[in-house]
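These are the residues of each chain, in order.
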Amino acid sequence: MPSEDLTALLRERLGRTQLGTAALFRLDTEGGGGGAADIVRSILVDEISHDPAFGQLLQAALSTARPTMPTMPAGPPSQPPPYAPARPPRPRPASGRTATVWLFGLPQFLVASIGAGLVASQDAPNSVYYLILATSLALLVTGIILGATALLRSTSRMLIAGIAVDILLLLDLFRIVATHASHT
């Protein structure tokens, strides 16, 4: 069995990430054998490859550890270890998806509003005005749909705010169209 210092070093390092924490919890739950041990080994290999200094520290700790007969725990722990998450965390959406939702919303709406104002002040044909509004409508709806599908996989406050802004802008776009229709 590895020394307590070595075990503490390994647990501390693995406990820094969600993946490592989940692997440790599974290792403790399964009693230290099977696939959980393989997962922990794989994560440790990855940690060592990304941080050679950690690999050297681990090598030094292994050389000072006294080899003893391994013992297996009697069963799963009565309580989850303190580092185990209460529930599996939901992954955060890719920042690109959140940015896309925002870009389909506010900036294009501002461009459409300015363009529609210019078209109206220049006495341009209504078809140009409605083309700008239809494009804006399509982009807003696309942003809402992309945001909603991203929320099914994961969540973030910025994504929710982007969807809310897109919905409010969509309602405002309908108000603009109704106002323009009543003036013509």
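None of these values were measured; they are calculated from a predicted model.

Definitions and limits used
- Residues numbered from 1 in each chain as written.
- Predicted model: local features only at pLDDT ≥ 70, side-chain atom pairs only at ≥ 80, totals over all residues.
- Heavy atoms only, no water.
- Helix = DSSP H or I, 4+ residues; strand = E, 2+ residues; numbered from the N terminus.
- Buried < 20%, exposed > 50% of the residue type's maximum accessible area, 1.4 Å probe, protein only.
- Contact = heavy atoms within 4.5 Å.
- Axes fitted to C-alpha atoms, helices over the stretch in contact; angles between N-to-C directions.
- Parallel < 35°, antiparallel > 145°, perpendicular 65-115°, else oblique.
- Left-handed = near helix turned anticlockwise from the far one by under 90°.
- Nonpolar A, V, L, I, M, F, W, Y, C, P; charged D, E, K, R; others polar.

When you go through the protein residue by residue, the secondary structure sums to eight helices and zero strands. Listed N to C, the secondary structure of the protein is α-α-α-α-α-α-α-α in terms of helices and strands. By residue count, 30% of the 184 residues in the protein fall in the buried class. Here the contacts in the protein between residues at least 6 apart in sequence split such that 74% fall between residues at least 24 apart.

Turning our attention to the environment of Thr 100. Along the chain, Thr 100 turns up in helix 5 (residues 95-103). On a C-alpha basis, the gap between Thr 100 and Gly 162 in space is 9.1 Å, while along the polypeptide they are 62 residues apart.

The next point concerns the packing of helix 7 (residues 126-153) against helix 8 (residues 157-183). To characterise two packed helices, one gives the angle between the axes of the helices and the distance between these axes. Where helix 7 contacts helix 8, the axes come no closer than 9 Å and their chain directions differ by 155°. Here helix 7 is positioned roughly antiparallel relative to helix 8, judged by the angle of their axes. With respect to the hand of their crossing, helix 7 and helix 8 are arranged in left-handed fashion. When its residues are assigned to classes, the contact of helix 7 with helix 8 shows 21 nonpolar, five polar and one charged.

This next bit is on the environment of Leu 170. By the element assignment, Leu 170 lies in helix 8. A C-alpha to C-alpha distance of 7.7 Å links Leu 170 and Val 141, two positions 29 residues apart in sequence. The contacts of Leu 170, once residues within four sequence positions are left out, are Leu 137, Leu 140, Val 141 and Ile 144.

This paragraph deals with the packing of helix 1 (residues 4-14) against helix 4 (residues 52-64). Following both chains from N to C, one finds helix 1 and helix 4 inclined at 160°, their axes separated by 10 Å at the closest point. One element, helix 1, and the other, helix 4, form an angle in the roughly antiparallel class. Handedness of the helix 1/helix 4 crossing: left-handed. Here helix 1 contributes Leu 6, Leu 9, Leu 10 and Arg 13 to the contact with helix 4, which in turn contributes Phe 54, Leu 57, Leu 58, Ala 61 and Leu 62. Across the contact of helix 1 with helix 4, the residue classes tally to eight nonpolar, no polar and one charged.

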